[in-house]
Amino acid sequence: MISAMRCIFLTLCCLPATWRWRPRLSRGTYPVCAGLVAAVSIAAGLVGSAPAALAQTQYDTGAMLSLDATDLSLLGEPDTTSPRATFLSLRENINKACEQLLAAHSSRLAGDPGGASEQSIDEIEQRARLHLQQAIGTLDLRDVPAVNRDKTGLETVLLLKEILDRLPAPSVDGIPDAVMMAGAPAPLQVWTIPHTQIDIVKVLEGPEAGKFLFSPEAVSMVRPYYETIKAVRERSTAQPDFFEFYTLTGGDLLPPDWYAWIEALPAWTRKPVLDQAVWQWIGLALILLVPAGLFLGVARFVLRYTGPGRVARRRGMARVFLAVLLAGIALAARAVISSDLNITGWPFTVVNTGLYAIVFASGAFAAYCLLGQIAEMIISSPGIDPESIDAGLLRLAARLGGIVAAVIIVFYGGTQIGIPLYGVIAGLGVGGLALGLAARPTLENLIGGLMLYADRPVRVGDFCQFQNTLGTVEAIGLRSTRIRALDRTVITVSNAEFSNMPLINWSRRDQTMLKTIIGLRYETTPAQMREILKRIRALLTDNAAVDQRNIRVRFHAMGTYAMEIEVRAYLNTTSQDHFLALQEEIFLDMMKIIEECGSKLALPSTTTYHVLGGQDGPTAMSAALSGIAAAGRAADKAAAKPDNTVGGAA
């Protein structure tokens, strides 16, 4: 049991040792190295502490060294060409295996390492394993989850032995063989063991097609049938009940040396309760609770070290490390439960399935987080802005890759633990339409984000305009884009909507256009107008910040209130602040030119004519003309000396 927990202690010992390297590594590199050390430690511990997980390899390699020419058939498949061949293969192999195991156990208790043919106890045990594998080969285990097949197959053949030992032995001549089947008028598909409902059925499809195997129904009903026949009939031989001996003792097939400590405990600890001995239930509780508490303690320490405020990459690597550690603890616990405690029956099925579910779920989570961390390590390079759409695309690719890897692991794990994923896939086909409709807005935003990445109308940091809003792009995500408006508020627009808007990117300008209309009073003379135009053109021509190819200064129009001059030029700057500073200087210089030329800027003005009431037509007309003449004389006087009157031509 202690050796089976080696991976946990090895990991905990190696991690503090990595702290010595921390001053030599960067803050982001240390968690990566620590995670790799933990993963290697867990893998090394599992190789040395999980013999049950490598039981199939032990069956093949451990016994090959002592096989002679007469036993080479044990390396192949059992004879299942007919019901008789299948029945005899099961009975002969299971009987030989039990005899050898009981003999080895008796030799171990007597302290005599010898035995038949002077073989050691280990060699006898390995030979018994091969006989057990031959017996398990007569079973159709297609309905048993892959993670439980070894244990279930071993228990089933032991149960079949106990059932056959309590029943009258069937006549071998009455069991159909290949010759009898060839002479039968109709092909034989099923043969039932007399006095039972246990069938040997011909497999019609799959990799085992053509073989006669004990049916899946027989495998599922053999345990309750054993309990029934055990209560009504005694064994026909003096040999002890090997299945009861196997299930109530520790170790793999035979009790290990430490089982002497269990035998020294009170007798009540070895009594069966719900198919397991009391000591096995106690050991099962300890082996599940102690590693769980150990993992929670390590997780609490790691999460405190990488909690909020720490480097995000460190938190991600902590998640990967904890997922790998959880998977390693689950595998180690599974090895102890299967090999040392020897939990069998439905308790083993439940616990083993749950532990493997934890392993596959942890592996899927670790794969998802690891790909995300790889993307973050790439984004952390100086050439990539963490808020840019390039970084967003890398995160998207990592997330999609992580989801695909996690789904593959989960689907593989589901098939191994017996979840009918084919039905799930069929259900996805039915619910796919509803899921697609529900996810349509998300997909639209995702596609919109990809379009923003492909076309690149704006980037993070660009000053842009959409509709009537001006602002700076702060982030372009997978679902939405955030823009900081001029009033410092943050506007969030979905990518689907944002990618379809007319976007004005002010930051992409190669030049900035200066354009204005100057309104001069109608009192400006043609000579003054020509001088003003000439001097404004010279002002722009002499300015090094003005593009000389596109200067326009023209007497544009005679407006309602003023004579209008259009000024247009391109300034060699893309900075809005620099442009405003240059424009300010140019405007001040143009005002100075207008003043020096004797003109003024025009303001809107109106001239109103009043007609005196109570006068007839000629009198009123005369009075009006007199008023106009008086107004003209007043205007001439005003032109002769400057005053504060605002004027213009009406």
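Here the structure is a predicted model, which is why all the values come from computation and not from measurement.

Here we take up the pattern of salt bridges. In the structure shown here, the tally under the stated rule is 17 salt bridges. Among the ionic pairs, Arg129 bridges to Glu125, the shortest N-O distance being 3.2 Å. With Arg129 and Glu125 both in helix H5 (residues 121-136) and four residues apart, the pair spans about one turn of that helix. The class of Arg129 is buried, set by a relative accessible area of 3%. A salt bridge links Arg484 to Glu474, with the nearest nitrogen and oxygen atoms 2.8 Å apart. Note that Arg484 is positioned in strand E8 (residues 480-485) and Glu474 in strand E7 (residues 469-476), a separation of 10 residues in sequence. Arg484 gets classed as partly exposed once you look at its relative accessible area, which sits at 23%. If you follow the salt bridges from partner to partner, you end up with Glu77, Glu208 and Lys211 in one network.

Attention now goes to the sheet that holds E7. A sheet is described by the order of its strands in space; here five strands give the open sequence E9-E8-E7-E6-E10, paired in antiparallel fashion. Edge strands, defined here as strands with exactly one partner in the open sheet, are strand E9 (490-494) and strand E10 (503-505). If you compare each strand with its neighbour and ignore which way they point, the axes differ by 40° on average.

Looking now at the confidence of the model for the protein. Averaged over every residue, the pLDDT of the protein is 78; residues scoring 70 or more account for 74%. Counting interchain partners and residues more than four positions distant, the pLDDT-below-50 stretch residues 15-32 has 23 contacts.

Take the packing of aromatic side chains next. By convention here, two paired aromatic rings are described through the distance between centres and the angle between planes. Applying the stated criterion across every chain, the model contains nine aromatic pairs. When the ring of Phe87 is compared with that of Trp191, the centres are 6.0 Å apart and the planes differ by 75°; the resulting orientation is edge-to-face. Of this pair, Phe87 sits in helix H4 (residues 83-110) while Trp191 sits in strand E1 (residues 190-192), placing them 104 residues apart in sequence. When the ring of Tyr226 is compared with that of Phe243, the centres are 5.4 Å apart and the planes differ by 70°; the resulting orientation is edge-to-face. In this pair, Tyr226 is assigned in helix H8 (residues 216-232) and Phe243 in helix H9 (residues 242-247), connecting sequence segments 17 residues apart. Across the pair, Phe243 and Tyr226 agree in class, each one buried. We note Lys151 situated over the ring of Phe348; from NZ or CZ to the ring centre the distance is 5.4 Å.

Mapped onto the secondary structure, Thr512 falls in strand E11 (residues 512-520). For the pair Thr512 and Phe579, spaced 67 residues apart in sequence, the C-alpha separation works out to 7.0 Å. Discounting residues that sit within four places of it in the chain, Thr512 has contacts with Ala569, Tyr570, Leu571, Thr573, Thr574 and Phe579. Only 2.6 Å separates the side chain of Thr512 from the backbone oxygen of Thr573, close enough to count as a polar contact.

Before going further, it helps to spend a moment on H8. In a regular helix each residue adds 1.5 Å, so 17 residues correspond to 24 Å; H8 covers 25 Å between its end C-alpha atoms and thus fits that length. Of all the bends in H8, the largest measures some 45° and sits at Val222, one to four residues before the proline Pro224. Looking only at H8, the buried set comprises Pro216, Ala218, Val219, Val222, Arg223, Tyr225, Tyr226 and Ile229. Looking at the buried side of H8, the elements it contacts are helix H6 (149-165), strand E2 (199-202), strand E3 (212-214), H9 and helix H13 (345-379).

Next up on the list: the nonpolar core. Within the largest apolar cluster, 46 residues are counted, with the highest numbers of intra-cluster contacts made by Phe87, Leu158, Ile163, Ile198, Phe214 and Phe242. Sort the elements by how many residues they give to this core and H4 lands first, with nine residues. If we skip the residues at most four places from it in the chain, Phe242 touches Cys98, Leu101, Leu102, Leu158 and Glu162. With 24 residues, the next largest nonpolar core counts Leu533, Val553, Ile565 and Cys597 among its residues.

The subject of this paragraph is unusual backbone geometry. The phi dihedral of Asp275 is positive, around 75°, even though this residue is not glycine. Within the secondary structure layout, Asp275 lies in the loop between strand E4 (272-273) and strand E5 (276-277). With a relative accessible area of 28%, Asp275 lands in the partly exposed category.

Our next topic: the packing of helix H18 (residues 526-542) against helix H19 (residues 576-596). Helix packing geometry: the angle between the two helix axes and the distance between the axes. Close contact between H18 and H19 brings their axes to 10 Å; oriented N to C, the two are set at 155°. In this view, H18 runs roughly antiparallel relative to H19, as classed from their interaxial angle. H18 and H19 meet at a crossing whose hand is right-handed. Contact residues: Ile532, Arg535, Ile536, Leu539 and Leu540 in H18; Ile586, Asp589, Met590, Ile593, Ile594 and Glu596 in H19. Broken down by class, the residue content of the contact of H18 with H19 amounts to eight nonpolar, no polar and three charged.

So, how was this worked out
- Residues numbered from 1 in each chain as written.
- Predicted model: local features only at pLDDT ≥ 70, side-chain atom pairs only at ≥ 80, totals over all residues.
- Heavy atoms only, no water.
- Salt bridge = Lys/Arg side-chain N within 4 Å of Asp/Glu carboxyl O.
- Helix = DSSP H or I, 4+ residues; strand = E, 2+ residues; numbered from the N terminus.
- Buried < 20%, exposed > 50% of the residue type's maximum accessible area, 1.4 Å probe, protein only.
- Pairing = 2+ DSSP bridges.
- Axes fitted to C-alpha atoms, helices over the stretch in contact; angles between N-to-C directions.
- pLDDT = per-residue confidence, 0-100.
- Contact = heavy atoms within 4.5 Å.
- Phe/Tyr/Trp six-rings, centres within 6.5 Å; stacked < 30°, edge-to-face > 60°.
- Lys NZ or Arg CZ within 6 Å of the ring centre and 35° of its normal.
- Polar contact = N/O pair within 3.5 Å; in protein donor to acceptor, adjacent residues only side chain to side chain.
- Expected span 1.5 Å × (residues − 1).
- Bend = angle between axes of the 7 residues up to and from the residue.
- Core = buried A, V, L, I, M, F, W, Y, C linked by side-chain atoms within 4.5 Å.
- Parallel < 35°, antiparallel > 145°, perpendicular 65-115°, else oblique.
- Left-handed = near helix turned anticlockwise from the far one by under 90°.
- Nonpolar A, V, L, I, M, F, W, Y, C, P; charged D, E, K, R; others polar.

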